[in-house]
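Structural description and commentary
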Amino acid sequence: MTVRKTTKKETAKATEPKKTTVKRTVAAKKVVVALNAENAGFKAGDVYQALAAAEKPLSATEIAKVANISTEEAFLGMGWLFKEGKIVASEDDKITLA
């Protein structure tokens, strides 16, 4: 049986405490949407302009990204436009101008 001697470097490595990484979680940003006719009208305008500029069907998240608004605000504006008959939804949940 052969016994191997450890070097000072190996001994120091073995006695060092193990470094651990800490994962930090970021709290979800809370979106507050004012539910009133004026705000709904403005968001409807944002959604309409985003769809007109894209010139193709978009999903709700794509509309929010193009219009630079939250998805909640996009849904508020889309509700207004659906009621007015200005937009239609397709089978694959894409929204287009009517």
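The structure we're discussing is the one just above.
Quantities reported herein were computed from a predicted structural model and do not represent experimental measurements. (Residues numbered from 1 in each chain as written. Predicted model: local features only at pLDDT ≥ 70, side-chain atom pairs only at ≥ 80, totals over all residues. Heavy atoms only, no water.)

**Considering the environment of alanine 37**
Applied cut-off: Elements are defined by DSSP. Helices are runs of H or I of four residues or more, strands are runs of E of two residues or more, and each kind is numbered from the N terminus. In this scheme, a residue with accessible area under 20% of its type's maximum is buried, one over 50% is exposed, and one in between is partly exposed, where area comes from a 1.4 Å probe on protein chains only.
Counting through the fold element by element, alanine 37 comes out in helix α2 (residues 37-54). In this structure alanine 37 comes out as exposed when scored by relative accessible area, which is 56%. Alanine 37 sits 43 residues away from tryptophan 80 along the chain, and the two C-alpha atoms are 9.3 Å apart.

**Re the nonpolar core**
Note the cut-off: Here, the term nonpolar core denotes a set of buried Ala, Val, Leu, Ile, Met, Phe, Trp, Tyr and Cys residues that are joined through side-chain atoms within 4.5 Å. Note on definitions: a residue-residue contact is assigned when non-hydrogen atoms from the two residues lie within 4.5 Å.
Counting 15 residues, the largest nonpolar core has Val47, Leu51, Ile63, Ile69, Met78, Ile87 and Ile95 as the members making the most contacts within it. Going through the elements one at a time, α2, α3 (60-67) and α4 (71-84) are the ones with two or more residues in this core. Every residue in contact with methionine 78, bar those within four places of it in the chain, is listed here: Val47, Ala60, Ile63, Ile87 and Ile95.

**Some thoughts on α2**
Convention followed: Any helix carries an expected span of 1.5 Å times its number of residues minus one. The directions considered for the arc run from the helix axis to the C-beta atoms.
Between the first and last C-alpha of α2 there are 26 Å, a value that for 18 residues agrees with the 26 Å anticipated at 1.5 Å per step. Burial in α2 covers these residues: Asn39, Ala40, Lys43, Ala44, Val47, Ala50 and Leu51. An end-on view of α2 places all buried positions within 140° of arc, on one side of the element. Exposed residues on α2 whose side chains face more than 90 degrees from its buried face are Ala37, Glu38, Phe42, Gln49 and Ala53. Its buried side turned inward, α2 meets α3, α4, β1 (87-89) and β2 (95-97). Positive backbone phi, approximately 55°, marks glutamate 55, located one or two places after α2.

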